[in-house]
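# Coordinates in review
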Amino acid sequence: QVQLVESGGGLVQAGGSLRLSCAASGRTFSTNAMGWFRQAPGKEREFVATISASGGSTLYGGSVEGRFTISRSNAKNTVYLQMNNVKPEDTAVYYCAASSRFWARRDDDDYPYWGQGTQVTVSS
């Protein structure tokens, strides 16, 4: 089975930066697109970003584009989310997800594997 473990969440002030990491198990990581989603209390899960298996293509949700950057190290079986200029509305539990495809977009159904999530809280 694929296991995903997020880390790096915490409390950060608005305008600050935070980097989330997601460590993935398995030898197939390099063939899987990876994504980040988030869910705030009382809200539906929201697409944040995705990255192709090679790392050559990325896609971002409109609320984070220009502020967040997704990247990956296939050698380390790790995907990252660099969060810059964070805003209070970025407060949520952030989930790492793995697709079974080389490329996936914003539909959560494209990601059969999910981590447990890491809390990000942005103070004003």
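Preceding this paragraph is the structure being described.
What comes next concerns the included structure. Since this is a predicted model, take the numbers as computed values, not measurements.

### Here's the deal with the overall build of the chain
Helix and strand counts for the chain stand at zero helices and eleven strands. Counting from the amino terminus, helix and strand elements in the chain follow one another as β-β-β-β-β-β-β-β-β-β-β. Taken over the C-alpha trace, the chain has a radius of gyration of 13 Å; the compact-globule value for 124 residues is 14 Å, and the two agree within 12%. Principal axes of the C-alpha set define a box for the chain whose edges measure 40 × 25 × 25 Å. Residues counted as buried form 44% of the 124 residues belonging to the chain. Taking as baseline every contact in the chain between residues at least 6 positions apart, the subset at least 24 positions apart corresponds to 59%.

### Some thoughts on the state of the cysteines
Throughout the structure, instances matching the rule amount to one disulfide. Sulfur-sulfur distance for the disulfide between C22 and C96 comes to 2.1 Å. Here C22 and C96 share a disulfide; its torsion about the S-S bond, -80 degrees, makes the bridge left-handed. Of this pair, C22 sits in strand β3 (residues 18-24) while C96 sits in strand β9 (residues 92-98), and the two are 74 residues apart along the sequence. Judged by its relative accessible area of 0%, C96 falls in the buried class.

### Brief notes about the packing of aromatic side chains
Going through the model one piece at a time under the given rule, you end up with four aromatic pairs. Relative to Y111, the ring of F37 lies with its centre 5.1 Å away and its plane at 75 degrees, an arrangement referred to as edge-to-face. Of this pair, F37 sits in strand β4 (residues 34-39) while Y111 sits in the loop between β9 and β10 (113-114); the two residues are 74 residues apart in sequence, bridging distant segments of the chain. The exposure class of Y111 is buried, given its relative accessible area of 2%. Where Y111 meets W114, the ring centres are 6.5 Å apart and the plane angle is 70 degrees; that geometry is what we call edge-to-face. Residue class for W114 comes out partly exposed when judged on its relative accessible area of 24%. One aromatic cluster is present, formed by F37, F47, Y111 and W114 through successive ring pairs. When the ring centre of Y95 is taken as reference, the NZ or CZ atom of R45 above it lies at 4.6 Å. A cation sits over an aromatic face here: R45 above W114, 4.5 Å from the ring centre.

Criteria and cut-off values
Residues numbered from 1 in each chain as written. Predicted model: local features only at pLDDT ≥ 70, side-chain atom pairs only at ≥ 80, totals over all residues. Heavy atoms only, no water. Helix = DSSP H or I, 4+ residues; strand = E, 2+ residues; numbered from the N terminus. Rg over C-alpha atoms; globule rule 2.2 N^0.38 Å. Buried < 20%, exposed > 50% of the residue type's maximum accessible area, 1.4 Å probe, protein only. Contact = heavy atoms within 4.5 Å. Disulfide = S-S within 2.5 Å. Phe/Tyr/Trp six-rings, centres within 6.5 Å; stacked < 30°, edge-to-face > 60°. Lys NZ or Arg CZ within 6 Å of the ring centre and 35° of its normal.

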